Amino acid sequence: MRNRSSIVLTISALVLALAPAVVRAGANERRAKPTDGNLWGVGRFRGGGLIRGPCAARPCIALTFDDGPEHTTTPRVLDELDRHGVRATFFVVGRRFDGDGPVAERNREVLRETWRRGHLIGNHTYTHALMDALDERALDREIDRNAAAIEATIGQRTFLFRAPFGALHTSRASRAVFSRGLTPVFWAIDTRDWASGSPEEVVQNFRAGLEASPRGGVVLFHDTLDRTARALPAVFAEIAARNEARRAQGQQPYEFVGLDELWQPVGHGRRR
Ligand SMILES: [Zn+2]
């Protein structure tokens with residue numbers, strides 16, 4: 001087993017008392033499907049930790065989708081995840097689904113459906129704000145208003161947080177996150193889907209990201225983009241092909257995992 005600090009051991013012991021987060025599906029691939037809905041994830045990330053992105057002990061993939069919910073594209077992402085029995089995490093932006101209006105209403109229903117299908121939901125601020133540029137009052141508003149909108153929609157509080165643009169550099173911004181017991185989530189592989197011109201380019205960027213981080217880790221996508229929804233089947237095919245090649249060479253295949261596998265206490269060094 002990998003080295004773990006005593007803090008992690010203590011937390012692991014506590015977590016063992018809860019229902020298992022994943023079930024076995026096949027000899028080598030562990031699907032990130034919960035056995036008890038996604039409720040296990042709600043309190044798990046409460047305070048004192050962060051998720052940097054890279055996998056530690058073994059090759060893994062944790063899919064994350066930002067900036068939704070978007071009723072025209074997110075349902076297609078959900079269907080593709082279902083086809084592979086993979087659970088992901090969606091970092092949502094409050095102004096897309098809060099308030100009146102037919103679009104907000106539709107997006108709210110998509111968010112509920114995302115939760116119903118067993119995915120985790122995280123806070124991505126209310127207006128997709130650059131945290132580092134905000135004063136304390138604005139930080140409070142961005143985080144709390146979105147948190148309230150999420151809770152009102154899915155009936156659960158979330159403890160996962162992703163800063164827009166991954167920018168969480170000022171002490172004021174990081175204090176706003178940690179003081180609320182939120183777990184900030186970064187990534188290991190940026191598919192740069194927001195800057196890509198086609199689904200093929202998204203897949204190519206994913207492939208390049210995996211070459212650069214061969215152990216895998218948290219993968220960043222945006223479920224608001226048509227090209228991302230269209231790229232996903234090829235992304236899964238790419239992972240399957242690599243796993244076949246890895247097995248043939250006696251290497252461990254990538255496993256789809258939930259973010260809980262990548263949680264680290266704050267101050268814990270990067271492990272590769
Ligand atoms: Zn974003």
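Residues numbered from 1 in each chain as written. Predicted model: local features only at pLDDT ≥ 70, side-chain atom pairs only at ≥ 80, totals over all residues. Heavy atoms only, no water.

Observations concerning helix H7 (residues 199-212)
Note on helix geometry: an α-helix contains 3.6 residues per turn, so any two residues three or four positions apart are oriented the same way. Over its 14 residues, H7 extends 20 Å from the first C-alpha to the last, a length consistent with the 20 Å expected when each residue adds 1.5 Å. Of the residues making up H7, those classed as buried are Pro 199, Val 202, Val 203, Asn 205, Phe 206, Gly 209 and Leu 210. The buried side chains of H7 occupy one side of the element, clustering within an arc of 160 degrees when seen end-on. More than 90 degrees from the buried face of H7, the exposed residues found are Glu 200, Glu 211 and Ala 212. For H7, the secondary structure elements touched by its buried residues are strand E4 (60-66), strand E9 (189-190), strand E10 (216-222) and helix H8 (226-248). (Helix = DSSP H or I, 4+ residues; strand = E, 2+ residues; numbered from the N terminus. Expected span 1.5 Å × (residues − 1). Buried < 20%, exposed > 50% of the residue type's maximum accessible area, 1.4 Å probe, protein only. Arc of directions from axis to C-beta. Contact = heavy atoms within 4.5 Å.)

Considering the coordination of the zinc ion
Summarising the metal site, the zinc ion is bound by the protein donors Asp 67 (OD), His 124 (NE2) and His 128 (NE2), whose distances to it range over 2.0 to 2.1 Å. Taken in chain order, the donor set of the zinc ion reads D-x56-H-x3-H. Residue His 124 is classed as buried on the basis of its relative accessible area of 1%. (Donors = N, O, S within 2.8 Å, 3.2 Å for Na, K, Ca; no water.)

Observations concerning the layout of surface pockets
In this model, the second largest pocket occupies a volume close to 220 Å³. Around the second largest pocket, the lining comprises 15 residues; the ones closest to its centre are Asp 67, His 128, Phe 165, Trp 194 and His 222. Grouping the amino acids of the lining of the second largest pocket by side-chain chemistry returns six nonpolar, five polar and four charged. (1 Å grid on protein atoms, 1.4 Å probe; cavity = no way out; pocket = protein on both sides within 12 Å on 5 of 7 lines; lining within 4 Å. Points joined across faces, edges and corners; volume = space filled by probe spheres on them. Nonpolar A, V, L, I, M, F, W, Y, C, P; charged D, E, K, R; others polar.)

Regarding the environment of Arg 106
Tracing the chain through its elements places Arg 106 in helix H4 (residues 102-116). Separated by ten residues in the primary sequence, Arg 106 and Arg 96 place their C-alpha atoms 9.6 Å from one another.

Quick word on the pattern of salt bridges
Considering all chains together, one arrives at 19 salt bridges under this definition. Here Arg 117 and Asp 79 are joined by a salt bridge, their closest N and O atoms 2.8 Å apart. Of this pair, Arg 117 sits in the loop between H4 and strand E6 (120-123) while Asp 79 sits in helix H3 (residues 74-84), and the two are 38 residues apart along the sequence. Between Asp 226 and Arg 230 there is a salt bridge; the shortest N-O distance is 2.9 Å. In this pair, Asp 226 and Arg 230 are both assigned in helix H8, four residues apart and thus about one turn of the helix distant. Relative accessible area serves as the criterion here: at 34%, Asp 226 is assigned to the partly exposed category. Each of Asp 79, Asp 82, Glu 109, Arg 112, Glu 113, Arg 116 and Arg 117 takes part in a single network of salt bridges with overlapping partners. (Salt bridge = Lys/Arg side-chain N within 4 Å of Asp/Glu carboxyl O.)

A few points about the pairing of E4
Side-chain direction in a regular strand flips from residue to residue, so the side chains alternate between the two faces of the sheet. Burial within E4 is extensive, with seven of its seven residues counted as buried. Side chains Cys 60, Ala 62, Thr 64 and Asp 66 of E4 all project onto a buried face; the interleaved residues Ile 61, Leu 63 and Phe 65 project onto the opposite face, where all are buried too. Bridge count for E4 against E10 is seven bridges, and the pairing is parallel. Counterpart to Asp 66 in the pairing with E10 is His 222. Looking at chain direction, E4 and strand E11 (residues 255-256) are connected through two bridges and run parallel. From the neighbouring strand, Cys 60 faces E11, where its bridge partner is Glu 255. With three bridges joining them, E4 and strand E5 (residues 89-92) adopt parallel strand pairing. The residue bridging Phe 65 from the neighbouring strand is Phe 90, located in E5. You can see the chain leave E4, run along H3 and come back into E5, and the turn it takes is right-handed. (Pairing = 2+ DSSP bridges. Right-handed = clockwise from strand over helix to strand, strands pointing away.)

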